[in-house]
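Structural characterization, general
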Amino acid sequence: MSAAAVPDAGWWQRAACLDADPELFFPPKGGSAQPAKMVCACCPVKRPCLAEALALPSGLDDGVRGGLTVRQRDALRVRRRRRGGAR
């Protein structure tokens, strides 16, 4: 993703997950994503994180990002396509 696509390219430096255990955001199959989502819930840069994850091709955006799992992001992409917008 280009810096032009994200107004504040350094947003990740303020991410709540910066000091969290990275494995939290990649739960094993059948594991809970809830702990990662709790970190995301209070994150000041949740929106640009989600925007960046949604800009990645499906399959290259694993883990919890922007408070959503891969399945949730895929469902959001489908809903946006059906509405005809990429908001």
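Procedures and definitions
Residues numbered from 1 in each chain as written. Predicted model: local features only at pLDDT ≥ 70, side-chain atom pairs only at ≥ 80, totals over all residues. Heavy atoms only, no water. Helix = DSSP H or I, 4+ residues; strand = E, 2+ residues; numbered from the N terminus. Buried < 20%, exposed > 50% of the residue type's maximum accessible area, 1.4 Å probe, protein only. Contact = heavy atoms within 4.5 Å. Lys, Arg positive; Asp, Glu negative; His and termini not counted. Salt bridge = Lys/Arg side-chain N within 4 Å of Asp/Glu carboxyl O. Arc of directions from axis to C-beta. pLDDT = per-residue confidence, 0-100. Expected span 1.5 Å × (residues − 1).

1. Some remarks on the overall build of the protein chain
Helix and strand counts for the protein chain come out as 3 helices and 0 strands. Across the 87 residues that make up the protein chain, the buried fraction comes to 30%. Residue pairs at least 24 apart in sequence account for 40% of intrachain contacts in the protein chain once pairs closer than 6 positions are excluded.

2. Comments concerning the environment of L18
Turning to its location among the elements, L18 is positioned in the segment before α1 (34-41). The partly exposed category is assigned to L18, whose relative accessible area is 47%.

3. Remarks on the side chain of K37
Mapped onto the elements, K37 comes out in helix α1. Within the buried core, K37 has no salt-bridge partner, and the shortest N-O distance to an opposite charge, that of D74, equals 13 Å. If sequence neighbours within four positions are ignored, K37 has contacts with V64, G67, T69 and Q72.

4. Notes on the pattern of salt bridges
Counting across every chain of the model gives 2 salt bridges. The closest approach of N and O atoms between E52 and R65, which form a salt bridge, is 2.9 Å. Of this pair, E52 sits in helix α2 (residues 46-55) while R65 sits in the loop between α2 and α3 (70-83), placing them 13 residues apart in sequence. A relative accessible area of 23% places E52 in the partly exposed class. Taking the relative accessible area as the measure of exposure, R65 reaches 18% and is therefore buried.

5. With respect to α1
Listed as buried for α1 are A36, K37, V39 and C40. Seen end-on, α1 carries its buried residues on one side only, within an arc spanning 155°. The exposed residues of α1 that point more than 90 degrees off its buried face are M38 and A41. Against the buried residues of α1 lie α2 and α3.

6. A closer look at the confidence of the model for the protein chain
Here the protein chain shows a mean pLDDT of 87. Residues at 70 or above account for 87%. Across the protein chain, element-level confidence peaks in α1 with a mean pLDDT of 97 and bottoms out in α3 with 91. Counting interchain partners and residues more than four positions distant, the pLDDT-below-50 stretch residues 1-6 has 7 contacts.

7. Some words on α3
Compared with an ideal rise of 1.5 Å per residue, which puts 14 residues at 20 Å, α3 spans 20 Å between its outermost C-alpha atoms and is within 8% of the ideal. Looking at α3, one finds that the buried residues are R73, L76, R77 and R80. Burial along α3 is one-sided: seen end-on, the buried residues are contained in an arc of 100°. Structural note: α3 exposes R71 and R82 on the side pointing more than 90 degrees away from its buried face. Tucked inside the fold, the buried residues of α3 contact α2. One or two steps after α3, the chain reaches G84, where phi turns positive at roughly 85°.

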